[in-house]
Amino acid sequence: MSRARWWRHLVPPLLSAAVLMTGSAVAVEAAYPASVDVNTSAFNPPCDGDANYIVPKMQTAAVANYNRLGHVAAGYTSTRFTRAATLARTVNDWGYYVHSHGDYYYNADGHRYTGFREDSGDCSQAVVFSKDIKAKRLGRQSNLVFISTCHSADAITTMPGAFAIAKTKSTGTSEQGPEFYVGYLGVQWDSDEWIFEQRFWNALAGGRAIGAAFDIAMLGAFTHAGFDADWWGTYQWTGVAGPWTSTCTLCV
């Protein structure tokens, strides 16, 4: 099982938590739920040898920013982040973020699918397969889906399809609706993922189109030279929760 790792010698904090949570609030005209699942147990003793202080920051930032985008977002970890709970919530979720161990796992049906580990509050963690999510969502629309795990954006990933997001990049005047999928390639480290995510959330809060926010997040140094991420969706979208209204004409 491939797993993301963290690194003790982190770069200086990019921006404070206060900056991460700034930006004008988006009026919520309808309930657009978003779940933020974070596997805390897997990255801390006794499941891992070192305490990891990055993962809770990822959860706090994700919840704050999904709410800022107009979702009704809540964070789940430990026994609140189980396979059963995630699959029950995904039926209604418009947005989704998860940080956990991820890979291309074998399913009982004999095939392999992209998936991630539940938390469940212990070290015996079941896999949530893309196949499971797809069966629950049945093609319903998604907004921003951020799979903060290893292998979630590999060329063979099956996770975007679980959220009915086409693996195409719509740029310029082209669009595929209010949807955007973000994930990591190969095995990555929590420290680099956290650097990327701070930059991404801050750029989005600053009024950048969601594709431009991704590009900004990729700029600058990372702890490890092999860091990489990818996306699919509508580059010029604002990231605001809910169904399609108009193109992102004011984004830069």
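Shown above is the structure to which this text applies.
Treat the numbers as computed from the prediction; the structure is a model and nothing was measured.

**Student:** What is the right way to look at the sheet that holds strand β6 (residues 127-129) in this model?
**Tutor:** Across the sheet, which stays open at both edges, the three strands sit in the order β4-β5-β6 with antiparallel pairing between neighbours. Sheet topology places β4 (102-106) and β6 at the edges, where each strand pairs with a single neighbour. Averaged over all adjacent pairs, the angle separating strand axes in this sheet is 50 degrees, with direction ignored. Its contacts with the sheet put helix α4 (residues 130-137) on β5 (112-117) and β6, and the angle it makes with β6 is roughly 55 degrees.

**Student:** Just to check I follow, could you spell out the environment of D48 for this structure?
**Tutor:** Mapping D48 onto the fold places it in the loop between β1 (33-38) and α2 (55-68). For D48, a relative accessible area of 17% translates into the label buried. Taking the C-alpha atoms as reference points, D48 and C123, separated by 75 residues in sequence, lie 9.0 Å from one another.

**Student:** Teacher, can you tell me more about the nonpolar core here?
**Tutor:** Soluble, globular proteins show a tendency: their nonpolar side chains are buried together. Ranked by size, the top nonpolar core spans 39 residues in total, and within it Y66, Y97, L144, F146, F196, F200 and W201 carry the most contacts. Taken together, the elements giving at least two residues each to this core come down to β1, α2, β7 (144-148), β9 (180-184), α6 (190-205), α7 (210-218) and β10 (229-234). Element by element, the count of residues in this core is highest for α6, at seven residues. For Y97, the contacting residues outside a window of four places in its chain are S35, V36, D37, V38, M58, A62, Y66, F146, S148, E197 and W201. Counting residues in each nonpolar core, the second largest holds 17 residues, with V145, A153, I165 and Y181 among its members.

**Student:** I'm lost on α2 in this one. Help?
**Tutor:** Side chains that are three or four residues apart share a direction in an α-helix, a result of its 3.6 residues per turn. The end-to-end C-alpha distance of α2 is 20 Å, a good match for the 20 Å that 14 residues give at a rise of 1.5 Å each. All of the buried residues along α2 are V55, M58, Q59, A61, A62, V63, A64, N65, Y66 and R68. Of the residues one or two after α2, G70 is the one with positive phi, at around 105 degrees.

**Student:** I would appreciate a short explanation of unusual backbone geometry in the present structure.
**Tutor:** Most of the time, phi is negative for any residue but glycine, and the peptide bond is trans. For the bond from P45 to P46, the omega torsion is 5 degrees, close enough to zero to count as cis. Along the chain, P46 falls in the loop between β1 and α2. Of note in the backbone geometry, S78 takes a positive phi value of approximately 55 degrees without being a glycine. Relative accessible area serves as the criterion here: at 30%, S78 is assigned to the partly exposed category. Positive phi values are uncommon outside glycine, yet A164 reaches one of about 60 degrees. Mapped onto the fold, A164 is located in the loop between α5 (159-162) and β8 (169-170). Judged by its relative accessible area of 33%, A164 is partly exposed.

**Student:** How should I be thinking about the pairing of β10 in this particular structure?
**Tutor:** Each regular strand displays side chains that alternate between the two surfaces of the sheet. The buried fraction of β10 is high, at five of six residues. Where β8 and β10 come together, two bridges link them in parallel fashion. Paired with S170 across the strands is T234, a residue of β10. Bridge count for β9 against β10 is five bridges, and the pairing is antiparallel. Following the sheet pairing, G183 is matched in β10 by D230.

Definitions and cut-offs
Residues numbered from 1 in each chain as written. Predicted model: local features only at pLDDT ≥ 70, side-chain atom pairs only at ≥ 80, totals over all residues. Heavy atoms only, no water. Pairing = 2+ DSSP bridges. Helix = DSSP H or I, 4+ residues; strand = E, 2+ residues; numbered from the N terminus. Axes fitted to C-alpha atoms, helices over the stretch in contact; angles between N-to-C directions. Contact = heavy atoms within 4.5 Å. Buried < 20%, exposed > 50% of the residue type's maximum accessible area, 1.4 Å probe, protein only. Core = buried A, V, L, I, M, F, W, Y, C linked by side-chain atoms within 4.5 Å. Expected span 1.5 Å × (residues − 1).

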